[in-house]
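Examining the three-dimensional arrangement
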Amino acid sequence: MAALRFLDTEEVPAGEVLNLLEDAVRDANDAVRDAADGADGTGTTLTALVRTGSRLALVHIGDSRAYLLRDGALFLITHDHTVVRSMVDEGRLTAEEAATHPRRALLLKALTGAAPPHVELRLHDAHAGDRYLLCSDGLSAVVPESRIRALLTEVPSPAGTVRALLAEANGAGGPDNVSCVVADVVEAA
């Protein structure tokens, strides 16, 4: 059984939060190893944000995604760690070909319990009015980014936006599990 770790980042410098996240990822990777109990092909993705003052620390591995909606524009702030994404990056596939490729979900990086994972760790400046979406590929694989952007823009509450995004993914036939979190950056009281 893995120990649950809570990060109290209110007074921790932003750079140190990245170190804490790296430690938490190692713990999570160990938990995957313990849970897999020798099963081949076991693994999971991880995408998380932690607030530290006016910045957000991001940790990412796999094909779950983090998006930022700022001033009406939607930005993908993570990079999919899949075979197909690497083929697009190398110019061997177009984005259109990648969308229907039979191996589009084959991961290059994940938490597998094996060697220490190489995760993306970085800091983002948070601005009042920003909206963040963290989601599994069960959402991003079936709902076009234009529709994700529209729902993030049109639905005022984070909880309502999550419900709308889940309904959209399920309505599109969502062949995979769907999870998402929406968080708004607001002015300090």
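Residues numbered from 1 in each chain as written. Predicted model: local features only at pLDDT ≥ 70, side-chain atom pairs only at ≥ 80, totals over all residues. Heavy atoms only, no water.

What to know about the overall build of the chain
In terms of regular secondary structure, the chain is built from six helices and seven strands. Traced from its N-terminal end to its C-terminal end, the chain shows the element sequence α-β-β-β-β-α-α-β-β-α-α-α-β. For the chain, the C-alpha radius of gyration of 17 Å lies close to 16 Å, the compact-globule estimate for 189 residues. Each principal axis of the C-alpha atoms in the chain carries an extent, and together these give about 50 × 40 × 30 Å. Across the 189 residues in the chain, those meeting the buried criterion constitute 37%. (Helix = DSSP H or I, 4+ residues; strand = E, 2+ residues; numbered from the N terminus. Rg over C-alpha atoms; globule rule 2.2 N^0.38 Å. Buried < 20%, exposed > 50% of the residue type's maximum accessible area, 1.4 Å probe, protein only.)

Comments concerning the sheet that holds strand β7 (residues 180–184)
Spatially, the four strands line up as an open sheet ordered β4-β3-β6-β7, and their pairing is antiparallel. The outermost strands of the open sheet, each flanked by one partner alone, are β4 (73–76) and β7. The sheet shows a mean angle of 20 degrees between the axes of neighbouring strands, direction not considered. Each of β3 (65–70), β4, β6 (131–135) and β7 touches helix α5 (residues 145–154); the most contacted strand, β3, lies at about 55 degrees to it. On top of the sheet, helix α6 (residues 158–171) reaches β6 and β7; it is set at about 150 degrees to β7, its chief contact. (Pairing = 2+ DSSP bridges. Axes fitted to C-alpha atoms, helices over the stretch in contact; angles between N-to-C directions. Contact = heavy atoms within 4.5 Å.)

Some words on the pairing of strand β1 (residues 46–52)
Taken together, the seven bridges between β1 and strand β2 (residues 55–61) define a ladder with antiparallel strand orientation. Residue pairing across strands places Val50 opposite Ala57, the latter belonging to β2. The antiparallel hairpin formed by β1 and β2 contains two residues in its connecting segment, where Gly53 sits at a positive phi of about 65 degrees.

Remarks on the layout of surface pockets
For the largest pocket, the calculated volume is near 710 Å³. Lining the largest pocket are 25 residues, with Arg65, Asp80, Arg104, Ser140 and Ala141 sitting closest to its centre. Of all elements in the fold, only β3, α2 (83–89), α3 (95–100) and α4 (137–140) reach the threshold of two or more residues within the lining of the largest pocket. Within the lining of the largest pocket, the residues separate by chemical class into 13 nonpolar, four polar and eight charged. (1 Å grid on protein atoms, 1.4 Å probe; cavity = no way out; pocket = protein on both sides within 12 Å on 5 of 7 lines; lining within 4 Å. Points joined across faces, edges and corners; volume = space filled by probe spheres on them. Nonpolar A, V, L, I, M, F, W, Y, C, P; charged D, E, K, R; others polar.)

A word on the packing of α5 against α6
To characterise two packed helices, one gives the angle between the axes of the helices and the distance between these axes. Contact pair α5 / α6: the axes reach a minimum separation of 9 Å and the direction vectors enclose 155 degrees. In terms of orientation, α5 lies roughly antiparallel with respect to α6. For the pair α5 and α6, the sense of crossing is right-handed. Of the residues in α6, those touching α5 at Arg147, Ile148, Leu151 and Leu152 are Thr161, Ala164, Leu165 and Glu168. A per-class count over the contact of α5 with α6 returns five nonpolar, one polar and two charged. (Parallel < 35°, antiparallel > 145°, perpendicular 65-115°, else oblique. Left-handed = near helix turned anticlockwise from the far one by under 90°.)

Examining the pairing of β2
Here β2 lies mainly inside the structure; six of its seven residues are buried. As judged from the six bridges shared by β2 and strand β5 (residues 120–125), these two strands associate in the antiparallel manner. Opposite Val59, over in β5, you have Leu121 as the bridge partner.

Brief notes about the sheet that holds β1
If you walk across this open sheet you meet the three strands as β1-β2-β5, and the pairing is antiparallel. Where the open sheet ends on each side, the last strands, each with one partner, are β1 and β5. In this sheet, adjacent strand axes meet at a mean angle of 20 degrees when their direction is disregarded.

Quick word on the environment of Glu120
When you line up the elements, Glu120 lands in strand β5. Its relative accessible area of 16% is what places Glu120 among the buried residues. Each C-alpha atom, one on Glu120 and one on Val59, is 5.5 Å from the other, the two residues being 61 residues apart in sequence. The contacts of Glu120, once residues within four sequence positions are left out, are Leu58, Val59, His60, Thr78, His79 and His81. A distance of 2.7 Å separates polar atoms of two side chains, one belonging to Glu120 and the other to Arg122. (Polar contact = N/O pair within 3.5 Å; in protein donor to acceptor, adjacent residues only side chain to side chain.)

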